[in-house]
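Structural characterization, general
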Amino acid sequence: QVQLVESGGGQVQAGGSLRLSCAASGRSFSSYVMGWFRQAPGKEREFVAAITRSGGSTDSAASVKGRFTISRDNAKNTAYLQMNSLKPEDTAVYYCAAGQTAWSYSYTVGGYNYWGQGTQVSVSS
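Notes on the structure follow. (Residues numbered from 1 in each chain as written. Predicted model: local features only at pLDDT ≥ 70, side-chain atom pairs only at ≥ 80, totals over all residues. Heavy atoms only, no water.)

1. Regarding the pattern of salt bridges
Basically, it comes down to this: Each reported salt bridge corresponds to a side-chain nitrogen of Lys or Arg within 4 Å of a carboxyl oxygen of Asp or Glu. Strands here mean DSSP runs of E at least two residues long; helices mean DSSP runs of H or I at least four residues long; both are numbered from the N terminus. Remark: exposure states derive from per-residue accessible area (1.4 Å probe, protein chains only) relative to the maximum for the residue type, with buried under 20%, exposed over 50%, and partly exposed in between.
A full pass over the atoms with the stated rule returns 4 salt bridges. The closest approach of N and O atoms between Asp90 and Arg38, which form a salt bridge, is 2.9 Å. Taken together, the residues Asp90 in the loop between β8 (78–83) and β9 (92–99) and Arg38 in strand β4 (residues 33–39) connect sequence positions 52 residues apart. Classification of Arg38 as buried rests on a relative accessible area of 7%. Taking the shortest distance from any N to any O, the salt bridge between Asp90 and Arg67 comes out at 2.8 Å. Linking Asp90 in the loop between β8 and β9 with Arg67 in the loop between β6 (58–60) and β7 (68–73), this pair joins segments that are 23 residues apart in sequence.

Here it is, written out as structure tokens:
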């Protein structure tokens, strides 16, 4: 089992940047696929980005591609989401997730076994 704690959220103006961190405790962080999701008020939780166990491959949603970068440091048991050129529509609670999927990574909520508590990101225009 793994416990996940997000940090780094906050308020920022459009065009600004934030870096979210997801600290994992428990065993075998490197054995988990990691993902970031977000949920805006009244909307379903949506995929943002994912990274393979080794960190050698990543993918992201079309809405954030070129602006957000997911990474991980297995030695520090931490995953990151660097968010640049933020837009008001990026406002949401951001969640990190760890999965034991057999695939390289998953794009769906159901593909992840463990979730953090979420961190709020608010972008003003």
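2. Describing the sheet that holds strand β3 (residues 18–26)
Test applied: Strand pairing is assigned whenever DSSP detects at least two bridges linking the two strands. For helices, the fitted axis covers only the stretch in contact; all axes are lines through C-alpha atoms, and the angles between them, taken along N-to-C directions, range from 0 to 180 degrees.
Pairing in this open sheet of 4 strands is antiparallel, and the strands run β1-β3-β8-β7 from one edge to the other. The outermost strands of the open sheet, each flanked by one partner alone, are β1 (2–7) and β7. Strand-to-strand, the axes of this sheet are offset by a mean angle of 15°, without reference to chain direction. As paired elements, β1 and β3 share 6 bridges and run antiparallel to each other. Bridged to Gln3 within β3 is Ser25.

3. Quick notes on the nonpolar core
To be explicit about the condition: We call a set of buried Ala, Val, Leu, Ile, Met, Phe, Trp, Tyr and Cys residues a nonpolar core when their side-chain atoms join them within 4.5 Å.
Core analysis: the biggest nonpolar cluster contains 37 residues, and Leu4, Met34, Trp36, Leu81, Met83 and Tyr94 have the highest contact counts within it. Sorting the residues of this core by element identifies β1, β3, β4, β5 (46–51), β7, β8, β9 and β11 (119–124) as the ones contributing at least two each.

4. Structural notes on the environment of Ser31
To keep things clear, this is the line we draw: Contacts are assigned to residue pairs that have any heavy atoms within 4.5 Å of one another.
Tracing the sequence through the fold places Ser31 in the loop between β3 and β4. Residues Ser31 and Ser54, spaced 23 residues apart in sequence, show a C-alpha to C-alpha distance of 8.4 Å. Sequence-distant contacts of Ser31, that is, excluding residues within four places in its chain, are made with Arg53 and Gly99.

5. What about the packing of aromatic side chains?
Using the following cut-off: Each Phe, Tyr or Trp ring (for Trp, its six-membered ring) is paired with any other whose centre lies within 6.5 Å, and the angle between the two planes then decides the class: stacked below 30 degrees, edge-to-face above 60, tilted in between. Two limits define a charge over a ring: the Lys NZ or Arg CZ must be within 6 Å of the ring centre, and within 35 degrees of the ring normal.
Applying the stated rule across the entire model yields 7 aromatic pairs. Through pairs of rings, three or more aromatic residues link up here, namely Phe37, Phe47, Tyr105, Tyr107, Tyr112 and Trp115. Across the ring face of Tyr95, the terminal group of Arg45 is positioned such that the distance to the ring centre comes to 3.7 Å. Directly above the aromatic system of Phe29 lies the positively charged group of Arg72, at a separation of 4.6 Å from the ring centroid.

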